[in-house]
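A structural walkthrough
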Amino acid sequence: RRYARARRARSRVSTLAMPPDVSEASSSATLTLPDGRVLELPVLRDAAGATFLDVRRLYPEHAVCTFDPGFNSTASCASAITYIDGENGRLLYRGYPIEELAKYGDMMDCWHLLLRGTLPTRAQRRVFQHDARGHRMVHEHLIRFFNGFQHDAHPMAIMVSVVGALAAFYDKDHGLDYDDATTRDLAGLRVVGKMTTLAAMAYKTAHGQPIVYPRDDLNLAENFMYMLFGLPTRAYEVDPVAAKCLEVILMLHADHEQNASTSTVRIAGSSKANPFACVAAGVASLWGPAHGGANEAVLAMLEEIGTVENIPKCIERAKDKNDQFRLMGFGHRLYKTVDPRARLMRDMCHDLLTHLNVTDPLLLIAMELEKTATNDAYFTSRRLYPNVDFYSGICFRALGIPKNMFTVVFAVARSVGWISQWCEMAGDTPSRISRPRQMYTGHPERRFVPVAERGGEACADEKEAGSFETLESVERRIVDVKVAMPHP
């Protein structure tokens with residue numbers, strides 16, 4: 001009866017906190033064009049007080065576009081999920097500081113908060129946890145997909161494929177209407193619930209080991225570690241300290257505003273594509289080394305430095321514009337001070353290695369490098385401080401996670417944010433498909449030139465045959481070959 005009451009409460013999907021009405025301008029700005037036209041642009045302010053020029057009617061009414069490669073100065077949407085205050089080094093999930101959420105909450109709190117907009121009550125938490133753990137299994141037919149990959153396939157290549165393949169099992173042909181808020185919420189449970197299972201299966205496939213099925217009695221991080229490192233030949237006991245470390249890592253990476261992969265998920269979703277296909281697009285975007293591969297680059301840099309004694313020389317190399325050496329894991333496109341996640345990661349990394357009684361020379365190099373760089377005016381004047389990737393790779397090493405799985409773990413974590421952002425986008429009214437403009441740099445309209453008039457020397461085949469073989473002669477030759485072949 002208790003679960004029945006809670007399930008009825010769950011069916012009433014939480015109304016997410018919505019951003020201010022962006023259709024209401026607080027004032028206007030004047031734009032003067034070279035042809036003398038003077039345009040009034042509405043000025044909007046968000047919940048944090050940031051200023052935005054509303055250019056939505058600029059092209060439809062005035063045939064003028066803005067040019068912003070990389071969208072550095074463009075807000076592609078209004079969202080109430082995550083807020084980054086780069087100047088002060090703050091990251092908020094639905095208004096809650098990430099430091100407090102990581103310290104006092106857990107992955108269930110984080111998942112419920114991002115997906116449904118509120119921290120769950122005790123009753124909501126029990127039901128949410130029960131439902132979430134019930135969506136960890138994947139269809140046995142999907143597992144057959146893993147048998148088709150090379151034994152040395154990159155786990156991210158596998159993830160792109162199998163996450164997208166989930167769309168074949170959960171689409172409109174199976175009675176799912178993603179225009180319905182409750183169905184979208186169910187997708188939020190399924191995506192995150194199955195991501196750890198698929199990630200662990202990708203790991204096992206890439207390492208030639210038998211897959212391990214999930215356990216409903218373990219929390220998300222514990223179950224993930226069990227599926228990664230468990231073997232059918234012996235019992236596997238999850239280390240609670242290591243599992244807590246992994247859980248915090250997942251929470252720190254759960255969402256981060258409109259980054260490349262999240263924007264990819266939203267753009268794909270704007271066409272009303274299946275949510276699993278949208279998340280697969282996010283996985284593909286994350287796979288890029290400029291997005292999800294930064295922590296691997298940090299480890300490579302620390303290994304290149306080698307010893308603490310080499311740090312001063314490497315610092316000088318990093319300052320030299322003619323030297324290709326760069327300090328990886330320093331600076332962030334948004335944070336102008338220390339990444340708040342980096343502080344948590346550093347402390348957690350030290351605690352984990354102490355607990356495991358592991359002496360990692362790379363940690364000593366990383367801590368000394370951070371100390372040296374953050375006391376150097378060259379880096380502080382440029383606001384180059386350690387980011388979350390600086391220590392995460394060392395944590396992964398201590399947990400026994402290989403380099404080619406770093407981005408996969410990142411994808412597992414970010415799946416919470418991806419599906420939450422997708423749910424928010426899919427609930428927008430009116431819905432609009434993403435369709436950026438471009439600044440065309442190609443040729444103006446020109447006349448088509450037949451091949452005989454294009455000049456240049458004829459190829460060898462043309463010189464011998466006089467012309468290319470016609471389609472009719474090709475078809476005749478194929479028929480002749482078929483007729484000439486003897487019967488088996």
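Described below are features of the structure shown in this document. (Residues numbered from 1 in each chain as written. Predicted model: local features only at pLDDT ≥ 70, side-chain atom pairs only at ≥ 80, totals over all residues. Heavy atoms only, no water.)

**Quick word on the nonpolar core**
Generally speaking, nonpolar side chains in soluble globular proteins are found buried as a group. Worth spelling out the cut-off: Among buried residues, those of type Ala, Val, Leu, Ile, Met, Phe, Trp, Tyr and Cys that are joined through side-chain atoms within 4.5 Å constitute a nonpolar core. Working definition: with a 1.4 Å probe on protein chains only, accessible area under 20% of the residue-type maximum means buried, over 50% means exposed, and in between means partly exposed. Each helix is a run of H or I in the DSSP string that is no shorter than four residues. Each strand is a run of E no shorter than two, and both are numbered from the N terminus. Every residue pair with non-hydrogen atoms within 4.5 Å of one another is taken to be in contact.
Counting residues in hydrophobic clusters, the biggest one holds 120 residues, and the most contacted among them are Trp111, Leu327 and Leu369. At 13 residues, the largest contribution of residues to this core is made by helix H19 (residues 406-426). Contact partners of Trp111, with chain neighbours within four places excluded, come to Phe128, Ala132, Gly188, Leu189, Val192, Gly193, Leu220 and Val416. Counting five residues, the second-largest nonpolar core is a separate cluster that includes Leu33, Leu39, Leu41 and Val64.

**Brief notes about the packing of aromatic side chains**
Spelled out, the test is: Stacked, edge-to-face and tilted labels apply to pairs of Phe, Tyr and Trp rings (six-membered ring for Trp) whose centres lie within 6.5 Å, assigned for plane angles under 30 degrees, over 60, and everything in between, in that order. Think of it as a cone above the ring: NZ of Lys or CZ of Arg counts as a charge over the ring if it is within 6 Å of the ring centre and within 35 degrees of the ring normal.
Counted under the stated rule, the structure contains nine aromatic pairs. Pairwise contacts between aromatic rings join Tyr203, Phe229 and Tyr236 into one cluster. Residue placement shows Arg382 over the ring face of Tyr378; its charged tip is 3.8 Å from the ring centre. Against the face of Tyr59 rests Arg437, its NZ or CZ located 4.1 Å from the ring centre.

**Details of helix H12 (residues 275-287)**
The periodicity of an α-helix, 3.6 residues per turn, causes residues three or four places apart in sequence to face the same way. Stated formally: In a helix, the anticipated span is given by 1.5 Å times the number of residues less one.
When the terminal C-alpha atoms of H12 are compared, their 19 Å separation across 13 residues agrees well with the 18 Å that a helix rising 1.5 Å per residue should span. Considered for burial, the residues of H12 that qualify are Pro275, Phe276, Cys278, Val279, Ala280, Gly282, Val283 and Leu286.

**Quick word on the pairing of strand S2 (residues 38-45)**
Rule in force here: Between any two strands, at least two bridges found by DSSP are needed for them to pair.
Pairing of strand S1 (residues 27-32) with S2, which is carried by six bridges, proceeds in the antiparallel orientation. The residue of S2 that forms the bridge with Ser27 is Val43. Count of turn residues in the S1/S2 antiparallel hairpin: five residues, of which Gly36 carries a positive phi of about 95°. Two elements, S2 and strand S3 (residues 51-53), share three bridges in a ladder whose sense is antiparallel. Within S3, the residue paired with Leu44 across the bridge is Phe52. Between S2 and S3, which pair antiparallel in sequence order, lie five residues; one of them, Gly49, sits at a positive phi of approximately 90°.

**Concerning the pairing of strand S4 (residues 82-85)**
For a regular strand, the rule is simple: side chains alternate between the two faces of the sheet. Sheet topology places S4 next to strand S5 (residues 90-93); four bridges connect them, and they run antiparallel. For Tyr83, the partnering residue across the bridge sits in S5 and is Leu92. A loop of four residues connects S4 with S5, the two strands running antiparallel in sequence, and Gly89 in this loop sits at a positive phi of about 65°.

**Section: the sheet that holds S2**
Selection rule: To obtain each axis, a line is fitted to C-alpha atoms, and for helices this fit is confined to the stretch in contact; angles are then taken between N-to-C directions over 0 to 180 degrees.
Read across the open sheet, the three strands follow the order S1-S2-S3; overall the sheet is antiparallel. At either end of the open sheet lies a strand with only one pairing partner, and these are S1 and S3. Each strand axis lies, on average, 35° off the axis of its neighbour in the sheet, ignoring direction.

**Let's talk about the environment of Leu41**
Relative to the assigned elements, Leu41 resides in strand S2. When the C-alpha atoms of Leu41 and Asp54 are compared, they prove to be 6.1 Å apart, with 13 residues separating the residues in sequence. Other than its neighbours up to four places away in sequence, Leu41 contacts Ser27, Ser28, Ala29, Leu31, Leu53, Asp54, Val55 and Leu58.

**A closer look at the sheet that holds strand S6 (residues 96-97)**
Taken in spatial order, the three strands of this open sheet run S4-S5-S6, and their pairing is antiparallel. A single partner strand is all that each edge strand has here, and the edge strands are S4 and S6.

**Comments concerning the packing of helix H7 (residues 155-165) against helix H8 (residues 181-206)**
Basically, it comes down to this: Here is the rule for angles: anything less than 35 degrees is roughly parallel, anything more than 145 is roughly antiparallel, 65 through 115 is roughly perpendicular, and the remaining ranges are oblique. Each helix crossing is assigned a hand: it is left-handed if the near helix lies turned anticlockwise from the far helix by less than a right angle, otherwise right-handed if that turn is clockwise.
At a minimum axis separation of 9 Å, H7 and H8 run at an interaxial angle of 135°. In terms of orientation, H7 and H8 fall into the oblique class. Between H7 and H8 the crossing geometry is right-handed. On the side of H7, the interface is formed by Pro155, Ile158, Met159, Val162 and Val163, while H8 contributes Met195, Leu198, Ala199, Ala202, Thr205 and Ala206.

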